[in-house]
Amino acid sequence: MRKEILPPVTTTTAKFLEKKPLVATLLALSLVMIIWNLPPYYHSLISTARPCSASSSSENFTTSLSVATQVDSTPSDPNKRVFKPFGNAAALFVLMGAYRGGPTTFSVVGLASKPIHVFGKPWFKCEWISTNGTSLRAKAVKILPDWGYGRVYTVVVVNCTFPSNPNADNSGGKLVLNAYYDKSPKLFERFTTLEESPGSYNESRFSSPYPYDYLYCGSSLYGNVSSSRMREWMAYHAWFFGDRSHFVFHDAGGVSPEVREVLEPWIRAGRVTLQDIRDQAEYDGYYYNQFLIVNDCLHRYRHAANWTFFFDVDEYIYLPDGNTLESVLNEFEGYTQFTIEQNPMSNVLCLNDSSQDYPRQWGFEKMLFRESRTNVRRDRKYAIQAKNAFATGVHMSENVVGKTLHKTETKIRYYHYHNTITVHEELCREMLPVSAKSNVTFYKKLPYVYDDKMKKLVNRVKEFEEKKLGTEAVKNFS
């Protein structure tokens, strides 16, 4: 009997299938099951790789799948190159806060992809949607206040100014922001930034008298902060600014249990607000996103005080020649902001005096040598009437209405104990002879002179701390 001759098999796969039909069937079924389980994960990849558009989510998904199909397909022209995007490099906008700045104005504070704002032309549109369904649109003005220091993310403050109060009837509503990727109005993200419940609008809070005379807006607290230095700083400035002042700190990882322990009595007394901003680490901005933090604080507490101060926790504000803070600020009332010159202090030099018990002394009680070069440009800190500012920076604001005063060194200064805030061991690490009190001392090629003005205040500050917090709380600090 003659066998039927089959057509010749030319591939390895074909031979395998001829010999192993059962295995081939199982492989095919397995492949079907794998493909069947792919869509949810594939959809997730597509939704994160593509920006949102003005269309609905189902339309977005259809468009994304269409794009993905084109990307995966092999072009007919071998010289046609295909670019395949995966994931997101940075968000279009990261909202931190949105605040009403007055009857007709709002500020939205956040981060945005720096390359988009440097090389593209993104823009914004503001809309107020009332609870009754009516809406009002406003012009949006974008401000980038971080002086180009941003990294992956840059700080963006969006000002929304409406022609009239959008919630004049106090019926409530919400502020919605459209964030556009580029000049085209077709591709954007739309999100709610702020909501006002019915009856919550109170116009009186936008005019004086404000809750406080002075407000401190602290930058990001990070690193291994010393609880001793924090205790000293807080006691001094609570004394310096007086009872009608408030302090806002921002914990970017620097508030350990020990630091929180020294702040807790002031929090209970209503003098301190401590905000947890540790999630900022997910967004790569400049220096723990300090430009973002100071702008959020500026707008969050815009109408909380007459003057808002911006400086660091290794810096101490000082009034020379018997000035009082009230008299100085009354003199500066015609200015929107003023900058403050620093007295740079050594962070290692102390006087070799056996009569001093340095381990028990406060930092500014024993660090008494000031670097004395003149005609040197040094960083300045500042205070501002926040109601007149649209955005701000670390050392001053460039977005204000009104004048700025710089010539203030005879009225107000600050002592800067650079890098002492993270020193947990003894600060006195280099001892100078008693003769250094009356001579210029050169240390690492820099001149230093003896300056004990802050030391003369320490007893008053310690007495104030014990009076305000109680003897038991102060003992727990020691």
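Preceding block: the structure.
What you see as residue numbers is a count from 1 along each chain, following the sequence as written. Totals for whole chains, interfaces and linings use all residues, but because this is a predicted model, local features are given only for residues with pLDDT of at least 70 and pairs of side-chain atoms are given and counted only at 80 or more. Processing note: side-chain calculations cover all non-hydrogen atoms of the structure and skip hydrogens and water entirely.

1. So, the state of the cysteines
Our working definition of a disulfide is a cysteine sulfur pair at a distance within 2.5 Å. One pass over the structure, following the stated rule, counts three disulfides. Shown here is the disulfide that connects Cys126 with Cys160, its sulfur atoms set 2.0 Å apart. Between Cys126 and Cys160, the disulfide has an S-S torsion of -65° and is therefore left-handed. Of this pair, Cys126 sits in strand S3 (residues 123–130) while Cys160 sits in strand S5 (residues 153–161), placing them 34 residues apart in sequence. For Cys350, the disulfide goes to Cys428, at an S-S distance of 2.0 Å. Handedness of the Cys350-Cys428 disulfide follows from its S-S torsion of about -75°: it is left-handed. Placement of the pair is Cys350 in strand S14 (residues 349–351) and Cys428 in the loop between strand S20 (413–416) and strand S21 (430–432), with a sequence separation of 78 residues. You can call Cys350 buried: its relative accessible area is 0%. Going through the protein in sequence order and numbering each bonded cysteine, the pairs you get are 1-2, 3-4, 5-6. Strands are runs of DSSP state E lasting at least two residues, helices are runs of H or I lasting at least four, and both sets are numbered from the N terminus onward. Three labels apply to residues, based on accessible area from a 1.4 Å probe with only protein chains included: buried if under 20% of the type maximum, exposed if over 50%, partly exposed otherwise in between.

2. A short note on the pairing of strand S12 (residues 315–318)
In S12, alternate side chains face the same way, and those of Glu315 and Ile317 on one face and Tyr316 and Tyr318 on the other are all buried. Strand direction decides the pairing type here: S12 and S20, joined by four bridges, are antiparallel. Within S20, the position partnered with Tyr318 by the bridge is Arg413. Strands are labelled as partners when DSSP assigns at least two bridges between them.

3. Overview of the packing of aromatic side chains
Stacked, edge-to-face and tilted are the three classes for Phe, Tyr and Trp ring pairs, Trp counted by its six-membered ring, which pair at centre distances within 6.5 Å; planes under 30 degrees apart are stacked, over 60 edge-to-face, the rest tilted. If you walk through the whole model with that rule in mind, you get 42 aromatic pairs. The criterion for a charge sitting over a ring is simple: Lys NZ or Arg CZ within 6 Å of the ring centre, and within 35 degrees of the ring normal. A cation sits over an aromatic face here: Lys403 above Tyr335, 4.6 Å from the ring centre.

4. Quick look at the packing of helix H6 (residues 227–241) against helix H11 (residues 458–469)
With their axes 9 Å apart at the nearest point, H6 and H11 run at an angle of 90° to one another. Overall, the two elements H6 and H11 adopt an arrangement that is roughly perpendicular. Facing H6, whose interface residues are Arg231, Ala235, Tyr236, Ala238 and Trp239, H11 presents Arg460, Val461, Phe464 and Glu465. Under the scheme applied, nonpolar residues are Ala, Val, Leu, Ile, Met, Phe, Trp, Tyr, Cys and Pro; charged residues are Asp, Glu, Lys and Arg; polar residues are all the others, including Gly. Tallied by class, residues from the contact of H6 with H11 come to six nonpolar, no polar and three charged. Angular values range over 0 to 180 degrees, each being the angle between N-to-C directions of two axes fitted as lines to C-alpha atoms, with helices fitted over their stretch in contact. Should an angle fall under 35 degrees it is taken as roughly parallel, and over 145 as roughly antiparallel, whereas 65 to 115 is taken as roughly perpendicular and any remaining angle as oblique. By definition, residues are in contact when any of their heavy atoms lie within 4.5 Å.

5. Quick look at the packing of H6 against helix H7 (residues 257–268)
It is the contact of H6 with H7, at a shortest axis distance of 8 Å, that shows an interaxial angle of 20°. As judged from the angle between their axes, H6 and H7 are roughly parallel. When the axes of H6 and H7 are compared, the crossing they make is right-handed. Each of Ser227, Met230, Arg231, Met234, Ala235 and Ala238 in H6 lies in contact with H7, whose residues at this interface are Glu258, Val259, Val262, Leu263 and Trp266. Residue composition of the contact of H6 with H7, grouped by class: eight nonpolar, one polar and two charged. Left-handed describes a crossing whose near helix is turned anticlockwise from the far helix through less than a right angle; right-handed describes the clockwise counterpart.

6. Focus on H6
Taking 1.5 Å of rise per residue, the 15 residues of H6 would be expected to cover 21 Å, and the 21 Å separating its terminal C-alpha atoms lies within 8% of that figure. Every buried residue belonging to H6 is among Arg229, Met230, Arg231, Glu232, Trp233, Met234, Ala235, Tyr236, His237, Ala238, Phe240 and Phe241, and all of these are buried. For H6, the side-chain oxygen to backbone nitrogen distance between the N-cap and Ser228 is 3.3 Å, and the N-cap itself is Ser226. Immediately beyond the C-terminal end of H6, within one or two residues, lies Gly242, with a positive phi of roughly 85°. By definition here, a helix of n residues has an expected span of 1.5 Å times n minus one. Pairing of N or O atoms within 3.5 Å defines a polar contact, subject to two protein rules: one partner must be a possible hydrogen donor and the other a possible acceptor, and residues neighboring in sequence count only if both atoms are side-chain atoms.

7. Points about the pattern of salt bridges
Opposite charge on two side chains permits them to pair, given that their charged atoms come into close proximity. Every case where a carboxyl oxygen of Asp or Glu lies within 4 Å of a side-chain nitrogen of Lys or Arg is listed as a salt bridge. Within the structure shown, the criterion is met by 24 salt bridges. One salt bridge in this structure joins Arg229 and Glu232, with 2.8 Å as the shortest N-O distance. Taken together, the residues Arg229 and Glu232, both in helix H6 and three residues apart, mark about one turn of the helix. For Arg229, a relative accessible area of 10% gives the class buried. A single network of salt bridges, built from pairs that share partners, joins Asp243, Arg271 and Lys468.

8. Brief notes about H7
Its 12 residues place the ends of H7 16 Å apart at the C-alpha level, agreeing with the 16 Å of an ideal helix rising 1.5 Å per residue. Inspection of H7 places Val259, Val262, Leu263, Pro265 and Trp266 among the buried residues, and these make up the whole buried set. Projected down its long axis, H7 carries its buried residues within an arc of 140°, all on one side. For H7, the exposed residues set more than 90 degrees away from the buried face come down to Pro257 and Arg268. If you follow the buried residues of H7, they end up packed against H6, strand S9 (245–251), strand S10 (272–276), H11 and helix H12 (471–477). Two residues or fewer past H7, Gly270 is found with a positive phi of approximately 80°. Here, the arc refers to the directions that run from the helix axis to the C-beta atoms.

9. A closer look at the pairing of S3
With eight bridges connecting them, S3 and strand S6 (residues 173–180) associate as antiparallel partners. Paired with Trp123 across the bridge in S6 is Tyr180. Two strands pair when backbone bridges link them, and S3 and strand S4 (residues 135–143) are joined in this way by four bridges, in the antiparallel orientation. Among the inter-strand pairings, Cys126 is bridged to a residue of S4, identified as Ala138. Taking the residues between adjacent antiparallel strands as the criterion, S3 and S4 are bridged by four residues, where Gly133 takes a positive phi near 100°.

10. Observations regarding the sheet that holds strand S1 (residues 94–100)
Taken in spatial order, the seven strands make up an open sheet running S1-S2-S5-S4-S3-S6-S7, and their pairing is antiparallel. The open sheet terminates on both sides in strands that have one partner only, identified here as S1 and strand S7 (188–196). Adjacent strand axes in the sheet meet at a mean angle of 25°, parallel and antiparallel pairs treated alike. The pairing of S1 with strand S2 (residues 105–113) spans six bridges and is antiparallel. Looking at S2, one finds that Ala98 is bridged to Val108.

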